[in-house]
Protein chains: 2
Amino acid sequence: MIKTSVAIAALSAGGGAALTAALYSLRSKDKLADMPATPAPSLSSTAIAASPTAVATIPASQIFGGPGAPPSPSSSLATVGTAPVNPGGLFEYGFPGPVSDIATRAALISSYDRRTRNPHWVVEHITPESLAKRDGDRKSSQFLEDPAVPAKFRALLKDYYRSGYDRGHQVPAADAKWSQAAMDETFFLTNMSPQVGEGFNRDYWAHFEDFCRRLTLRYPSVRIVTGPLYLPKRDPVDNKWYVKYEMIGTPPSVAVPTHFYKVIFAEDGRAGGNVAIGAFVLPNAPIDNAKPITDFEVPVEAVERASGLEFASQLPMQRRRRLCAETTCALVIKDYSERQKAFAKGRPASS
Amino acid sequence: MIKTSVAIAALSAGGGAALTAALYSLRSKDKLADMPATPAPSLSSTAIAASPTAVATIPASQIFGGPGAPPSPSSSLATVGTAPVNPGGLFEYGFPGPVSDIATRAALISSYDRRTRNPHWVVEHITPESLAKRDGDRKSSQFLEDPAVPAKFRALLKDYYRSGYDRGHQVPAADAKWSQAAMDETFFLTNMSPQVGEGFNRDYWAHFEDFCRRLTLRYPSVRIVTGPLYLPKRDPVDNKWYVKYEMIGTPPSVAVPTHFYKVIFAEDGRAGGNVAIGAFVLPNAPIDNAKPITDFEVPVEAVERASGLEFASQLPMQRRRRLCAETTCALVIKDYSERQKAFAKGRPASS
């Protein structure tokens, strides 16, 4: 069990971002291990009754149509008499969304945020076998705008051009070396966020990605979810909390995340077996290589609260392990060019 | 047709927000009237071929499985040989989302953003008849946390408490006076965003809501979509664009939007008839009552680019009219308490 205070210390120590950790102090006193694997919430009165903050003043039956009523979207109409309006009629003109532009590639699946023009999340799967096969070379790949995203919401190459930020892979190209075509697909901008290059994307973050690959030395199957965060920090002058992030492009279109998360699922290879979970949040800023990666470990729920996403909601508690309790969470720091060479030789940098 | 330059002037004139308008300068040269009602994009090679920025370097057939292949999510696997990995296997542990917590009430439908703990959008429908019926009194309603949203993503009453911001209705309570139960439902926090009170929510914004109601004097049916925006402005020191917004609550949980939009659909009452559309973006800041509402008119596409949402994508061009060309877009400014009294008397404030 990770103590919240550890997470706070870790996060406030991060890079140049003067990172604060209020989002990471869990609102409830629930421990991570006690986090229930709740089913998806429904509009049924059952879900309301189960909620600790169930509204006392309006009976659920009045709002949602009573215990026997199906959780239909229009069930509330029954309790307000004949409604003189039909708000859903607007959808005749088109549903507003948001649409997440799920893209399924050979080596990754991505979900896209049309407002920030960044991913919500990108998931990948690596194994000792997938990393051992080396048919792809990133020199043969090129960055690609994603034509599946409507033009007005699409991140463009020119948004990144001369922005000062790297086009930072969320699923690393190196994790899809098993096929040139699979690697090429990691170059879609829907797998990209603006990342600080020196000291982060090309350094500490790259070592972190290498750490994930090295987990396959112990685990036969590793799944990783990666994505951006936009975290607040406290203004020392007015003492209030503000989220502040740059937007790149002309007009400004692509958000520069303040942080990135990875939630790692290291599987023991048995069907229904144990899953060692590690969640990490790193600032989008130069990080000293001397800083232990465990400084950036956070409870999964901290990433959930900050991202609005849910991870492992269907994974039973008894199958969960804590990654950094089960294995050593430590980066192997190599010079970037050396690391690239090591990979070119066809073996993990750490081996 | 609204000129983009008008929209820019309007937005940069807004309140204390020193609003900038880069997001509103349309990226393409497409005129609003030429905006195609595109079908939802698919992963099929057809969709790619139709895109003006179709990727030339990788044939669509290599990425998505060829012209004859169905646009199935896994069709890409066919072209990369036997994939040694299965990224979708993660979803066995639960799908990350995002989930938009659509809530269907009698007088509104809302879509919720779990990350900002604000709505994405709230839609409503008003008619002369619905506004004429006055069974609800807002003194009988109270603000409600929404138990349909999972606790960790739910906006809480205590997040707003002493924040300095109003719990700002997106669909106004006054638009649901036709039933106390319907009005009560407008008080869910999923219909709320933090709004500046004096000079905005209780003043200019309230006059704007009144303007929407008065549209029913001319149009037999009016549909309105309302929601928050988080817009960048240029930093005069480094000349870069930043989005900056406060987060309220302890820990900071609920974003304070920089702006709010309304997209208004005024219908002529005929099936398949004309729809007069007006889109407006106002800063979340005090606004001088002397400022014309037309100063805040923007192209619909500007709201779409900024919000990541789409409005009226299925409404044929020939049915569209421009609201402020067809009717006079002007607020009637009344003292807030007078306006409340006028409503209490059972008639629109303007009549």
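Reading the values: rules and limits
Residues numbered from 1 in each chain as written. Chains lettered and ligands numbered in written order. Predicted model: local features only at pLDDT ≥ 70, side-chain atom pairs only at ≥ 80, totals over all residues. Heavy atoms only, no water. UniProt positions renumbered as here; feature names shortened; annotations may be inferred. Least-squares fit on C-alpha atoms with pLDDT ≥ 70 in both. Contact = heavy atoms within 4.5 Å. Buried < 20%, exposed > 50% of the residue type's maximum accessible area, 1.4 Å probe, protein only. Helix = DSSP H or I, 4+ residues; strand = E, 2+ residues; numbered from the N terminus. Buried area = accessible area lost by both parts, 1.4 Å probe. Salt bridge = Lys/Arg side-chain N within 4 Å of Asp/Glu carboxyl O. Disulfide = S-S within 2.5 Å.

- Where an unreviewed UniProt entry is consulted, chain A appears under the name Endonuclease, with the organism given as Trichoderma ghanense.
- Taken from UniProt, the Cofactor (unreviewed entry) comment for chain A reads in full: "Mg(2+)".

**Details of the relation of the copies chain B and chain A**
Okay, so step 1: It takes a turn of 180° to lay chain B on chain A, together with a shift of 0.0 Å along the axis; the resulting RMSD is 0.0 Å. Look at the turn and shift together and you get a two-fold axis relating the two. Nearest to the rotation axis, the C-alpha of Lys244 of chain B is located 2.1 Å from it, this being the minimum over chain B.
Okay, so step 2: Of the residues that chain B buries at the interface, 100% are likewise interface residues in chain A, meaning the two copies contact each other through the same surface.

**Notes on helix 9 (residues 300-307) of chain B**
All names here are of chain B.
Okay, so step 1: Burial of helix 9 is extensive: 8 of the 8 residues sit out of reach of the surface.
Okay, so step 2: Listing the buried residues of helix 9 in full gives Val300, Glu301, Ala302, Val303, Glu304, Arg305, Ala306 and Ser307.
Okay, so step 3: Buried-residue contacts for helix 9 involve strand 6 (221-229), strand 10 (259-267), strand 11 (275-283) and strand 12 (297-298).
Okay, so step 4: Where helix 9 terminates, the next one or two residues include Gly308, which has phi positive at roughly 80°.

**With respect to the interface of chain B and chain A**
Okay, so step 1: At the junction of the two partners, chain B supplies 109 residues and chain A supplies 110 residues.
Okay, so step 2: Between chain B and chain A, the buried area comes to about 9,700 Å², and carbon and sulfur atoms account for 62% of it.
Okay, so step 3: At the junction of chain B with chain A, the criterion picks out 6 salt bridges.
Okay, so step 4: Here Glu310 of chain B and Arg114 of chain A are joined by a salt bridge, their closest N and O atoms 3.6 Å apart.

**Some thoughts on the state of the cysteines**
Residues and elements named next belong to chain A.
Okay, so step 1: This model, assessed by the stated rule, comprises 2 disulfides over all chains.
Okay, so step 2: Note that Cys324 is cross-linked by a disulfide to Cys329, the S-S spacing being 2.0 Å. Handedness here is read from the sign of the S-S torsion; for Cys324 and Cys329, about -95°, the answer is left-handed.
Okay, so step 3: Looking at Cys324, the relative accessible area reads 15%, which means it is buried.
Okay, so step 4: A residue is classified by how much of its surface remains accessible, and Cys329, at 9% relative accessible area, is buried.
Okay, so step 5: Unpaired in this structure, Cys212 has its nearest cysteine sulfur neighbour in Cys329, at a distance of 9.3 Å.
Okay, so step 6: Cys212 gets classed as buried once you look at its relative accessible area, which sits at 1%.

**Overview of unusual backbone geometry**
Okay, so step 1: Cis geometry marks the peptide bond from Gly97 of chain A to Pro98 of chain A; its omega dihedral reads 0°.
Okay, so step 2: Of note in this structure, Ala312 of chain A is not a glycine but carries a positive phi near 60°.
Okay, so step 3: Following the sequence through the fold, Ala312 of chain A ends up in the loop between helix 9 (300-307) and strand 13 (320-322).
Okay, so step 4: Even without being a glycine, Asp101 of chain B presents a positive backbone phi close to 45°.

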